[in-house]
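Spelled out, the chains give:
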Amino acid sequence: MADAARVLVIDDEEAICELIEAVAESAGFSAHSASTPTDIERAIEGRFDLVVLDLSLGDLDGIEVMGRLGSLHRGMPIILVSGADRSLLDTAGRIAAMHKLRVIGTFAKPFSLDVLRSAMLAWAQVSDQAHDPTGPKILVGPDQLLDPECLHLVYQPKVSTTSGEVTGVEALVRWRHPSHGDVSPSVFVALIEGAGRTSELLDAVMNMAARDRTRHRALKSMPDVSVNISVLDLIDEELPRRAQRTLTEAAPAEQWTFEVTETAPITDAAPALSILTRLRLVGFRLAVDDFGTGTSNYERVLAAPFTELKIDRAMVSRLDIEASEPDPIVKSGVEVGHSLGLHVVAEGVETPDQFRMVREIGCDAAQGYLISAPVAPTQIDTALDEWRRRFEFLG
Ligand code: C2E
Ligand code: MG
Ligand code: MG
């Protein structure tokens, strides 16, 4: 980074401002903050490269501030924090996107300062904070992001909630920055989509997944390997043929799942439906990813020939061990899934309590840090051995 990127912190509590400023500075940024309505008004007209915004600003309304930010700084990266609950924060994230802000992270208070710091660093890895009033310019372009030398896959197991046995693994792409290490797709996939090059990413991912599956014993014997696709891939009429050619060399179509993520809005549903149906006709399985985040709704699930429903981790985190009844929204999601004959998977299961609760409400499988983080193909067996030992004590 030539000059330190400037972070603007907006929070009505001065103490929080100071804390976040300190975090930003420790990560190598320069930071300033605003906490009163007049200061905030003035600050958002200034120059900065990243905003950390508290949604509940006392006299001012964080949502309104987002509107102003969007009109003044189109494409501005933003981190949202709030004391409100997770689902509200997710909605706010979608509103920010509607205002053409680029959401880098959303954090419910209290959040760990380390996590906030990592989000800022991850953003800095792919951005250059150019002194350009139109916003940050991307230092790493799509060519570099799609460089096969820099891409690899990690795999995260899904396990049966009743037997604890592995039902499959999900392939998650990583981009290895020459000096900063692995970068998460939540930071760079949007850049590739923005450049209109999602199909190249998918091709790279399918090639890597097929190659890994022929090379690594743990993947050869895996009942299912899933890959993520963007809705933007579902306008590509060639996809079913390419998928068949690439993936079935390594394993039959029935042992592959496509997880459909909506990182970009569906512009035209009809070709998407026909491509999904053609994939299914070849034998591939199809999962609705991130169910319950608002981008994936009941209508979609009913419309297309899905085989799996993945309950988003924001939903899973709504489950409360103290509650007398499980959260009705999560519960009805599982019921709808089952009534359509879908395999229901809970994402983002981090604690033994969450594992027991998702089993209780009928989720067939679970995935999350409790079971294993995403790992390299050579580490899958060890990760599963360790999980089996933990599973025995789960009760
Ligand atoms: P996803 O498909 O919903 O994947 C789950 C994400 O949650 C992964 O993040 C995973 O590392 C993370 N995760 C797993 N367990 C836990 C947990 O217990 N707690 C928490 N807090 N997080 C957990 P990752 O790898 O950064 O991927 C982010 C998203 O990027 C994915 O969400 C998926 O939508 C997208 N993505 C990943 N790989 C690809 C790809 O090859 N192509 C496309 N188009 N998108 C991809
Ligand atoms: Mg997924
Ligand atoms: Mg998901």
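Since we're looking at a predicted model, the values are computed, not measured.

### Examining helix α10 (residues 239-247)
Three or more residues of α10 are buried, namely Leu239, Pro240, Arg242, Ala243, Thr246 and Leu247. Looking down the long axis of α10, one finds its buried residues gathered within 165° of arc, a one-sided arrangement.

### Digging into the coordination of the magnesium ion (ligand 3)
Here the magnesium ion (ligand 3) is held by the protein donor atoms Asp289 (OD), Asp290 (OD), Glu347 (OE) and Glu347 (OE), which lie 1.9 to 2.5 Å from it. Here the donor residues of the magnesium ion (ligand 3) are spaced in sequence according to D-D-x56-E. A separation of 4.1 Å is found between the magnesium ion (ligand 3) and the magnesium ion (ligand 2), both of which receive a donor from Asp289. Taken together, the residues Asp290 in strand β13 (residues 285-291) and Glu347 in the loop between β15 (343-346) and α15 (352-360) connect sequence positions 57 residues apart.

### Thoughts on the coordination of the magnesium ion (ligand 2)
Taken together, Glu170 (OE), Asn228 (OD1), Glu259 (OE) and Asp289 (OD) make up the full set of protein donors to the magnesium ion (ligand 2), lying 2.0 to 2.3 Å away. Sequence spacing of the donors to the magnesium ion (ligand 2): E-x57-N-x30-E-x29-D.

### Some details on the pairing of β13
Counting buried residues along β13, five of its seven residues qualify, which places the element largely inside the surrounding structure. Pairing of strand β12 (residues 256-261) with β13 involves four bridges; the strand directions are parallel. Each bridged residue has a counterpart across the sheet, and for Thr257 the counterpart in β13 is Arg285. As defined by bridge partners, β13 adjoins strand β14 (residues 308-311) across three bridges and the pair is classed as parallel. In the sheet register, Phe291 faces β14, and the bridge partner there is Ile311.

### Brief notes about the nonpolar core
Tyr155, Trp175, Phe188, Leu239, Phe258, Ile311 and Phe355 are the most contacted members of the largest nonpolar core, which totals 79 residues. Looking at this core element by element, the count peaks at seven residues for helix α8 (residues 198-215). Judged by nonpolar contacts, the second largest core, of 22 residues, contains Leu53, Leu55, Val65 and Met76.

### Focus on the side chain of Gln354
Within the secondary structure layout, Gln354 lies in helix α15. For Gln354, a relative accessible area of 12% puts it in the buried group. Polar contacts involving the side chain of Gln354 include one to the main-chain amide nitrogen of Glu350, which spans 2.8 Å. Filtering out sequence-adjacent residues up to four positions away, Gln354 remains in contact with Val316, Ser317, Gly348 and Val349.

### Section: the pattern of salt bridges
Enumeration over the complete set of coordinates arrives at 22 salt bridges. Residue Asp39 is joined to Arg42 by a salt bridge in which the shortest nitrogen-to-oxygen separation is 3.9 Å. Remark: Arg42 and Asp39 occur in helix α2 (residues 37-43); sequence separation between them is three residues, near one turn of the helix. For Asp39, a relative accessible area of 32% gives the class partly exposed. Relative accessible area serves as the criterion here: at 59%, Arg42 is assigned to the exposed category.

### With respect to the site of ligand 1
Near ligand 1, the surroundings consist of 23 residues, among which Arg174, Ser184, Asp289, Glu350 and Tyr369 are the closest. The contact in question runs from a nitrogen atom of ligand 1 to an N or O atom on the side chain of Arg313, over 3.4 Å. Contact distances for ligand 1 include 2.7 Å between an oxygen atom and a backbone N or O atom of Tyr369. Within the complex, the protein chains bury 87% of what would otherwise be the 800 Å² of accessible surface of ligand 1. Among the elements that make up the shell around ligand 1, the one with the highest residue count is strand β9 (residues 166-177) (four residues). Counted by class, the shell around ligand 1 contains nine nonpolar, six polar and eight charged residues.

### A short note on unusual backbone geometry
Of note in the backbone geometry, Lys100 takes a positive phi value of approximately 65° without being a glycine. Relative to the elements of secondary structure, Lys100 occurs in the loop between α4 (86-98) and β7 (102-108). A positive phi angle is found at Asp290, which is not glycine, with a value near 55°. Residue classification places Asp290 among the partly exposed residues on the basis of a relative accessible area of 24%.

### Description of the domain arrangement of the protein
Where interface size is given, it is often the accessible area lost as the parts come together that is meant. Taken as a whole, the protein is organised into domain 1 (6-126) and domain 2 (151-392). Computed from C-alpha atoms alone, the centre-to-centre distance between domain 1 and domain 2 is 30 Å. Contacts between the two partners involve eight residues from domain 1 and, on the opposite side, 13 residues from domain 2. Between domain 1 and domain 2, a total of about 790 Å² is buried, with carbon and sulfur atoms accounting for 63% of that surface. For the domain 1 face of the interface with domain 2, the top three residues by lost area are Arg94, Gln125 and Val126, together amounting to 61%. Our count for the contact surface shared by domain 1 and domain 2 stands at zero salt bridges. Summed over the shared surface of domain 1 and domain 2, the number is zero residue pairs in polar contact (both at pLDDT 80 or more). Those elements that provide at least two residues to the side of domain 1 that touches domain 2 are α4 and α5 (113-126). Counting residues per element, the side of domain 1 that touches domain 2 draws most heavily on α4, at four residues. Its residues placed into classes, the side of domain 1 that touches domain 2 shows two nonpolar, two polar and four charged.

Criteria and thresholds
Residues numbered from 1 in each chain as written. Chains lettered and ligands numbered in written order. Predicted model: local features only at pLDDT ≥ 70, side-chain atom pairs only at ≥ 80, totals over all residues. Heavy atoms only, no water. Buried < 20%, exposed > 50% of the residue type's maximum accessible area, 1.4 Å probe, protein only. Helix = DSSP H or I, 4+ residues; strand = E, 2+ residues; numbered from the N terminus. Arc of directions from axis to C-beta. Donors = N, O, S within 2.8 Å, 3.2 Å for Na, K, Ca; no water. Pairing = 2+ DSSP bridges. Core = buried A, V, L, I, M, F, W, Y, C linked by side-chain atoms within 4.5 Å. Polar contact = N/O pair within 3.5 Å; in protein donor to acceptor, adjacent residues only side chain to side chain. Contact = heavy atoms within 4.5 Å. Salt bridge = Lys/Arg side-chain N within 4 Å of Asp/Glu carboxyl O. Near = heavy atom within 4 Å. Areas by Shrake-Rupley, 256 points an atom, 1.4 Å probe, with all protein chains shown as cover. Nonpolar A, V, L, I, M, F, W, Y, C, P; charged D, E, K, R; others polar. Domains from an automatic or database assignment. Buried area = accessible area lost by both parts, 1.4 Å probe.

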